[in-house]
Amino acid sequence: MSETERWQAAEQLALALAEGGLQRMPARALAVFLFTGDQTVTMGEIADRLGVSAGSVSGAVKALLSVGLIERLPAPGSRREHYRLRDDAWSTLFSAQNTVVGVMLKAADTGIAATASGDPAHERLTRMRDFYRFLLGELPGLLRRWEEQHPPR
């Protein structure tokens, strides 16, 4: 596969991720992490690869950090921050380490506190909270089985 074909495949993956609900720029940045041959990348390298501004990459990197897909690494001797796809990215995405799940739980709790019992909004928010609590309760066993079958490298 040529380098051009490789990055065309990366862009196709980014389109699929965006169609699946991920915002376009984080999807494109994630594709860079998945398709790069390098161990780490900088925001500047992502911006260059995608032909976009550093500002748009900054927001994308923050989004990927917040859901646990990538991590910031120390880079002695470099003034730039380096990032890489986490080895446990996919399991982290569905774990309690995912800050989005915590945000959803907090939002549900805030909404529940602001609505009265019997109010349809209160019932929907309670169901939302209960779903995320259930999910967080079930995920440890599921993730344990995943790790047993696919140990980290």
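To keep things clear, this report deals only with the structure shown in the data block. Predicted model only: the values in this text are computed from it and were never measured.

**Some details on the nonpolar core**
- Core analysis: the biggest nonpolar cluster contains 24 residues, and Phe33, Ile46, Val61, Leu64, Leu69 and Ile70 have the highest contact counts within it.
- Secondary-structure elements contributing two or more residues to this core are α1 (3–19), α2 (24–35), α3 (43–50) and α4 (54–66).
- If one sorts the elements of this core by residue count, α2 sits on top with eight residues.
- In contact with Leu64, other than residues within four places in its own chain, are Pro26, Ala29, Leu30, Phe33, Leu69 and Ile70.

**Considering the side chain of Thr115**
- Residue placement: Thr115 occurs in the loop between α6 (99–114) and α7 (120–149).
- A polar contact of 2.9 Å, which involves the side chain of Thr115, links it to the side chain of His122.

**Re the side chain of Thr36**
- As for its placement among the helices and strands, Thr36 is situated in the loop between α2 and β1 (41–42).
- The buried category is assigned to Thr36, whose relative accessible area is 18%.
- Among the polar contacts listed, one links the side chain of Thr36 to the backbone nitrogen of Asp38, at a separation of 3.1 Å.
- Excluding residues that lie within four positions of it along the chain, Thr36 makes contacts with Arg6, Trp7 and Val41.

**Looking at the environment of Lys106**
- Looking at the secondary structure, you find Lys106 in helix α6.
- On the basis of relative accessibility, which here comes to 60%, the residue Lys106 falls in the exposed class.

**Focus: α3**
- Regarding α3, the residues found buried are Ile46, Ala47 and Leu50. Down the axis of α3, the buried set is contained in an arc of 100 degrees. They therefore lie on one face.
- Packing partners of the buried residues in α3 comprise α1, α2, β1 and α4.
- Remark: Gly51 follows α3 within two positions and exhibits a positive phi of approximately 65 degrees.

**Observations concerning the environment of Ala121**
- Locating Ala121 in the fold gives a position in helix α7.
- On a C-alpha basis, the gap between Ala121 and Gly111 in space is 8.1 Å, while along the polypeptide they are 10 residues apart.

**A closer look at the packing of α2 against α4**
- Following both chains from N to C, one finds α2 and α4 inclined at 75 degrees, their axes separated by 8 Å at the closest point. Considered as vectors, α2 and α4 are oriented roughly perpendicular to each other. Across the interface between the two elements, Met25, Pro26, Ala29, Leu30 and Phe33 of α2 pack against Ser56, Ala60, Ala63 and Leu64 of α4.
- Tallied by class, the residues present in the contact of α2 with α4 amount to eight nonpolar, one polar and no charged.

**Considering α2**
- Spanning 12 residues, α2 covers 16 Å between terminal C-alpha atoms, matching the ideal 16 Å at 1.5 Å per step.
- Counting buried residues in α2 gives 10 out of 12 residues, a clear majority hidden from the surface.
- Taken as a whole, α2 has its buried residues at Met25, Pro26, Ala27, Arg28, Ala29, Leu30, Ala31, Val32, Phe33 and Phe35.

**Quick word on the packing of α2 against α3**
- Where α2 contacts α3, the axes come no closer than 10 Å and their chain directions differ by 105 degrees. In this view, α2 runs roughly perpendicular relative to α3, as classed from their interaxial angle. Across the interface between the two elements, Met25, Arg28, Ala29, Val32 and Phe33 of α2 pack against Ile46, Arg49 and Leu50 of α3.
- Here the contact of α2 with α3 is composed, by residue class, of six nonpolar, no polar and two charged.

Thresholds, definitions, all that
- Residues numbered from 1 in each chain as written.
- Predicted model: local features only at pLDDT ≥ 70, side-chain atom pairs only at ≥ 80, totals over all residues.
- Heavy atoms only, no water.
- Core = buried A, V, L, I, M, F, W, Y, C linked by side-chain atoms within 4.5 Å.
- Buried < 20%, exposed > 50% of the residue type's maximum accessible area, 1.4 Å probe, protein only.
- Helix = DSSP H or I, 4+ residues; strand = E, 2+ residues; numbered from the N terminus.
- Contact = heavy atoms within 4.5 Å.
- Polar contact = N/O pair within 3.5 Å; in protein donor to acceptor, adjacent residues only side chain to side chain.
- Arc of directions from axis to C-beta.
- Axes fitted to C-alpha atoms, helices over the stretch in contact; angles between N-to-C directions.
- Parallel < 35°, antiparallel > 145°, perpendicular 65-115°, else oblique.
- Nonpolar A, V, L, I, M, F, W, Y, C, P; charged D, E, K, R; others polar.
- Expected span 1.5 Å × (residues − 1).

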